[in-house]
Amino acid sequence: MSRGLSHHKPDDDYDYLFKVVLIGDSGVGKSNLLSRFTRNEFCLESKSTIGVEFATRSIQVDGKTIKAQIWDTAGQERYRAITSAYYRGAVGALLVYDITKQVTFENVERWLKELRDHADSNIVIMLVGNKSDLRHLRSVPTDDAQAFCEKEGLSFIETSALESTNVEMAFQKILTEIYHIVSKKALAAEDSAPRPGEGTKIVVTEPTSETEKKSSCCGN
Amino acid sequence: MSSEDLAKDGGDSSLNSVSKFLRGCKLPGTVRLTRTASEHIARASPGGSSPGSGPGCVAGEAGARRGEASTGAGELQADGRGLTGGGVRGSEGIGEGRTLATRRGGGTAAATNGDVGPSGRATGEDGGARAGADLAHLSLHARGRDGGGEDGGAGGSGRGGRGEPRASPRGEAHPETSSLRSMSDTRKAKFRKLLDEQVVDLEALRELAWSGIPAELRPVCWQLLLGYLPPNCERRAAILERKRREYRDMVPDYYDIADRCADDLGALRQVAVDVPRTAPDVPFFAQPAIQKSLERILYLWGIRHPASGYVQGINDLVTPFLAVFLGEHFSEGGPAIPGGMDGWEVATLSEAAVHAAEADAYWCLCKLLDGIQDHYTHAQPGIQRTVFRLHELVRRIEEPVTQHMEAEGLDFLQFTFRWVNCLLLREVPFALAVRLWDTYVAEGGRMKEFLTYVLAAFLLCWAPQLRAMDFQEMVLFLQKLPTGGWGEREVETVLSRAYMWRTSFDQAQSHLSQS
């Protein structure tokens with residue numbers, strides 16, 4: 001599993017860089033989830049994604065700046081050979097379906113297999129039921145998806161990119177989860193092999209001013 | 001390519017299709033055929049073999065105005081000059097000063113390049129093409145070093161690029177107008193002359209069409225060049241009638257059916273997801289009748305081409321055909337597109353007219369995609385090969401930019417995939433798609449190979465900007481290039497450079513070995 005990189009550039013400061021992929025059937029709203037999260041934009045008739053598209057945004061978790069590098073992929077099966085190359089190195093995946101289209105939920109299993117075949121084995125996966133604003137058209141009950149996630153050990157959330165419901169939450173949640181795993185690992189690694197001079201894992205002073213700076217530049 | 005297409009199209013074009021398909025599939029075949037294509041160009045291009053056309057070739061080849069080749073040396077020369085200005089120097093103008101064009105600029109371009117002409121002529125007929133390419137190459141590089149600050153360069157290029165406000169063969173200057181090249185009366189007359197023949201000379205039409213087709217002649221020119229209409233005018237009506245009927249019969253057989261297998265259902269679902277988001281920035285396509293047409297065309301195409309099936313992005317590729325074929329009914333000889341498609345209410349047309357345009361669009365889409373079906377088959381090998389070749393080509397042309405991109409970890413496939421998949425249609429305003437199509441269609445069987453050069457020229461429009469960017473900036477920039485203000489001139493600059501580079505690199509295929 002690739003880990004967060006400690007990388008410093010004056011105008012682009014972050015403690016961790018996490019690569020996350022957005023996958024799921026075509027037309028479920030992956031691109032709009034991304035544009036809502038990174039630019040606070042939504043477009044009802046956006047063009048289909050061909051290949052992959054990319055966007056980033058930084059958020060704060062436990063006083064750390066986490067930069068999410070998000071790869072949005074084309075949903076059609078034909079593109080899997082191309083898009084699956086981008087799973088490599090991803091620490092998180094948002095697997096999106098459309099709550100109004102049963103078939104997009106049924107295909108979730110196939111997407112999980114895709115991840116098992118091409119992504120790192122310990123990638124954090126979150127199932128996202130999008131278009132929750134279309135209540136009257138719902139065809140996938142929340143309980144079904146919830147039960148499926150418990151069985152598969154995935155996190156779950158329902159979102160509406162259109163109404164901007166839970167989008168922030170979905171990304172925050174998966175990035176936090178990744179952060180906890182990564183930092184726990186780092187701690188564990190340190191415990192087993194303590195090296196003198198590198199024991200400063202808890203930095204409390206530095207990020208405080210940055211927290212404000214970052215949250216203002218993140219849009220929304 | 002489906003077997004039924006083969007069966008229906010008859011002998012010659014079937015063989016042609018097969019060879020095109022094979023070319024895409026087999027690497028050795030690709031190289032061999034590319035060579036063949038280059039020989040073909042050498043033979044067919046203006047300066048390649050026609051005696052006395054050396055000078056025009058120098059400028060004309062460089063500037064990609066093959067169109068005038070058959071009309072005599074004097075005219076050729078004039079065209080060549082104009083276009084060299086557009087082709088080589090015009091690149092400076094991209095994104096800036098688009099309205100600067102002046103007659104003075106055009107004149108400057110012509111005068112400058114006029115110097116090239118005579119010396120080019122001295123090289124004689126045989127070396128024409130090569131000399132032209134080399135000179136063009138040199139001038140390009142010289143421009144690169146100078147920063148292209150020649151007087152009148154930016155403005156002149158625009159006019160030059162269109163080739164109109166320049167000295168005509170008889171020395172009189174065309175009036176300075178804002179009209180596009182495709183609108184010029186002399187050009188129109190040339191098209192009409194060719195089209196009025198009993199049997200249209202397709203090669204001559206190809207050369208003329210390469211530089212842009214007058215709006216009102218687009219439908220027939222595209223249909224002829226794609227091989228949908230036969231060159232013999234006596235047979236046209238009957239064939240058109242038969243193909244339209246054939247399409248009409250397919251609809252109940254494949255589309256209007258109640259029971260579908262799971263695969264077909266999936267295909268229909270995919271098409272239905274994409275139809276509403278096809279060219280969403282062009283209201284014309286949002287009309288219910290157009291949406292239905294799109295759905296039928298795409299679904300039928302997918303069903304009848306099972307090797308690939310419908311692939312996202314093909315929905316984009318059908319839009320120029322629908323717009324142009326339906327546009328005939330709205331534009332009464334004026335500019336169809338890019339003149340604008342406002343007020344084009346399909347509901348005002350007869351059902352028969354819509355069906356005819358739909359059928360024509362379907363068959364023309366088939367023809368266009370015949371040569372590039374491996375772009376859409378499993379793992380999309382055609383696209384991967386094109387991207388590989390593009391990378392090699394760009395490395396040859398602009399090593400520093402390539403090195404910078406590689407150092408930043410930017411993979412060509414990442415940003416060029418959509419370019420190839422949608423033939424650059426997504427990267428320019430819709431109004432320019434038809435202009436791109438003119439050249440693609442004129443390229444015919446060489447379109448696939450030419451695309452690599454077009455993509456290189458397109459990418460390198462942004463070379464200076466890219467060199468100053470890091471990985472993230474490059475990805476974001478290339479995903480959404482600032483082409484919103486582009487006009488025909490910018491597109492033609494890209495096409496001209498592509499033509500020039502192909503002429504250069506075709507002489508040295510090993511530079512672009514497929515490995």
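Here is what the cut-offs are and how they apply
- Residues numbered from 1 in each chain as written.
- Chains lettered and ligands numbered in written order.
- Predicted model: local features only at pLDDT ≥ 70, side-chain atom pairs only at ≥ 80, totals over all residues.
- Heavy atoms only, no water.
- Helix = DSSP H or I, 4+ residues; strand = E, 2+ residues; numbered from the N terminus.
- Buried < 20%, exposed > 50% of the residue type's maximum accessible area, 1.4 Å probe, protein only.
- Contact = heavy atoms within 4.5 Å.
- Areas by Shrake-Rupley, 256 points an atom, 1.4 Å probe, with all protein chains shown as cover.
- 1 Å grid on protein atoms, 1.4 Å probe; cavity = no way out; pocket = protein on both sides within 12 Å on 5 of 7 lines; lining within 4 Å.
- Points joined across faces, edges and corners; volume = space filled by probe spheres on them.
- Nonpolar A, V, L, I, M, F, W, Y, C, P; charged D, E, K, R; others polar.
- Polar contact = N/O pair within 3.5 Å; in protein donor to acceptor, adjacent residues only side chain to side chain.
- Pairing = 2+ DSSP bridges.
- Disulfide = S-S within 2.5 Å.
- Axes fitted to C-alpha atoms, helices over the stretch in contact; angles between N-to-C directions.
- pLDDT = per-residue confidence, 0-100.
- Buried area = accessible area lost by both parts, 1.4 Å probe.
- Salt bridge = Lys/Arg side-chain N within 4 Å of Asp/Glu carboxyl O.
- Parallel < 35°, antiparallel > 145°, perpendicular 65-115°, else oblique.
- Left-handed = near helix turned anticlockwise from the far one by under 90°.
- Right-handed = clockwise from strand over helix to strand, strands pointing away.
- Core = buried A, V, L, I, M, F, W, Y, C linked by side-chain atoms within 4.5 Å.
- Domains from an automatic or database assignment.

We now examine the overall build of chain B. Along its length, chain B carries 25 helices and zero strands. Relative to its 515 residues, chain B shows a buried fraction of 61%. Considering only contacts within chain B whose residues lie at least 6 apart along the sequence, 74% involve residues at least 24 apart. When the accessible surface of chain B is summed, it comes to about 19,000 Å², and 54% of that surface belongs to carbon and sulfur atoms.

A word on empty space enclosed by the protein. All names here are of chain B. All chains considered together, the criterion is met by four cavities of 30 Å³ or more. Estimates place the volume of the largest cavity at around 110 Å³. With five residues, the single largest contributor to the lining of the largest cavity is helix 20 (residues 412-421). Class assignment of the residues belonging to the lining of the largest cavity gives a composition of seven nonpolar, three polar and two charged.

We now examine the side chain of S155(A). Residue and element names in this part refer to chain A. With respect to the helices and strands, S155 occurs in strand 6 (residues 155-158). A relative accessible area of 14% means that S155 is categorised as buried. A polar contact of 3.1 Å, which involves the side chain of S155, links it to the side chain of E177. Beyond its immediate chain neighbours, meaning those up to four positions away, S155 contacts I125, M126, L127, C149 and E177.

This part is about the environment of I239(B). Residue and element names in this part refer to chain B. Summarising the element assignment, I239 is placed in helix 13 (residues 233-255). By relative accessible area, which is 14% here, I239 ends up buried. Considering only alpha carbons, one finds I239 and V494, 255 residues apart in sequence, at a separation of 36 Å. What I239 contacts, discounting residues up to four positions off in sequence, is Y228 and P230.

Turning next to the pairing of strand 1 (residues 16-23) of chain A. Residues and elements named next belong to chain A. Across the eight residues that make up strand 1, a large majority, eight, are buried. Alternating residues of strand 1 divide into Y16, F18, V20 and L22 and L17, K19, V21 and I23, and every residue in both groups is buried. As defined by bridge partners, strand 1 adjoins strand 3 (residues 64-73) across seven bridges and the pair is classed as parallel. Residue pairing across strands places V20 opposite I70, the latter belonging to strand 3. Here four bridges tie strand 1 to strand 4 (residues 92-98), and the two strands are oriented parallel to one another. Each residue of the ladder has a partner; that of V21, found in strand 4, is A93.

Residue and element names in this part refer to chain B. Summed over the entire model, instances satisfying the criterion amount to zero disulfides over all chains. Cysteine C221 remains unbridged, with the sulfur of C364 as its closest cysteine sulfur at 12 Å. You can call C221 buried: its relative accessible area is 0%.

All names here are of chain A. A sheet is described by the order of its strands in space; here six strands give the open sequence 2-3-1-4-5-6, paired in mixed fashion. Across the chains shown, the open sheet's two edge strands, defined by having one partner strand only, are strand 2 (52-61) and strand 6. Each strand of the sheet is rotated relative to its neighbour by a mean of 25 degrees, with strand direction disregarded. Together, strand 1, strand 2, strand 3, strand 4 and strand 5 (124-130) form the strand contacts of helix 1 (residues 30-39), whose direction differs from that of strand 3 by roughly 155 degrees. Contacting strand 4, strand 5 and strand 6, helix 5 (residues 142-152) runs over the sheet at an angle of about 160 degrees to strand 6.

The next thing to look at is the confidence of the model for chain A. All names here are of chain A. Mean pLDDT over chain A: 85, with 81% of residues reaching 70 or higher. Here residues 1-10 scores under 50 on pLDDT; set against residues more than four positions off or in separate chains, the count is 24 contacts. Contacts of residues 197-220 to residues separated by more than four positions or lying in other chains number 25 contacts, the stretch itself having pLDDT below 50.

The interface of chain A with chain B comprises 28 residues on the first partner and 34 residues on the second. Summing both partners gives a buried area of about 2,600 Å² for chain A against chain B, and 52% of it is carried by carbon and sulfur. By the criterion of area lost to chain B, the three top residues of chain A are K47(A), I50(A) and R78(A), representing 26% of everything that side buries. For the pair chain A and chain B, the number of links is two salt bridges. Of the charged contacts, one joins D281(B) and K47(A) as a salt bridge, the two residues approaching to 3.8 Å between their closest N and O atoms. For the pair chain A and chain B, the interface holds 12 residue pairs in polar contact (both at pLDDT 80 or more). Only strand 2, strand 3 and helix 2 (80-83) of chain A provide two or more residues apiece to the side of chain A that touches chain B. When residues of the side of chain A that touches chain B are assigned to their parent elements, the largest contribution, five residues, is made by strand 2 of chain A. Residue composition of the side of chain A that touches chain B, grouped by class: 11 nonpolar, 10 polar and seven charged.

Okay, the packing of helix 11 (residues 202-210) of chain B against helix 12 (residues 218-225) of chain B next. Residues and elements named next belong to chain B. Where helix 11 contacts helix 12, the axes come no closer than 10 Å and their chain directions differ by 125 degrees. With respect to their mutual orientation, helix 11 and helix 12 come out oblique. Considering the relative orientation of helix 11 and helix 12, their crossing is left-handed. For the pair formed by helix 11 and helix 12, the contact residues are L202, L205, R206 and A209 on the first element and C221, L224 and L225 on the second.

Burial along strand 6 of chain A is two-sided: the face carrying S155(A) and I157(A) and the face carrying F156(A) and E158(A) are both buried. Crossover handedness for the path strand 5 of chain A to helix 5 of chain A to strand 6 of chain A: right-handed.

Inside soluble globular proteins, nonpolar side chains tend to come together where they are buried. L127(A), F285(B), F321(B), M405(B), W437(B) and L478(B) are the most contacted members of the largest nonpolar core, which totals 158 residues. Take this core: its biggest share by element is 12 residues, from helix 17 (residues 351-370) of chain B. Composition of this core by domain shows at least three residues from each of domain 2 (261-370) and domain 3 (381-511) of chain B. In contact with L478(B), other than residues within four places in its own chain, are M405(B), L410(B), F415(B), R418(B), W419(B), L459(B) and L466(B). Residues F18(A), V91(A), M126(A) and V128(A) belong to the second largest nonpolar core, which totals 30 residues.

Residues and elements named next belong to chain B. Within the secondary structure, K190 sits in helix 10 (residues 185-196). Judged by relative accessible area, which is 18%, K190 ranks as buried. In this structure the C-alpha to C-alpha distance between K190 and V441, which are 251 residues apart in sequence, comes to 18 Å.

So, about the pattern of salt bridges. Taken as a whole and assessed by the stated rule, the structure comprises 32 salt bridges over all chains. Between E77(A) and R110(A) there is a salt bridge; the shortest N-O distance is 2.7 Å. A residue pair is termed long-range when its members are at least 10 positions apart, and E77(A) in the loop between strand 3 and helix 2 and R110(A) in helix 4 (residues 108-118) qualify at 33 residues. Taking the relative accessible area as the measure of exposure, E77(A) reaches 46% and is therefore partly exposed. Notably, a salt bridge pairs R395(B) with E406(B), separated by 2.9 Å at the nearest N-O pair. Of this pair, R395(B) sits in helix 18 (residues 381-397) while E406(B) is found in helix 19 (residues 399-407), placing the two residues 11 residues apart along the sequence. E406(B) sits in the partly exposed class, given a relative accessible area of 32%. Among the charged side chains, a salt-bridge network with shared partners connects E443(B), R446(B), E449(B) and R502(B).

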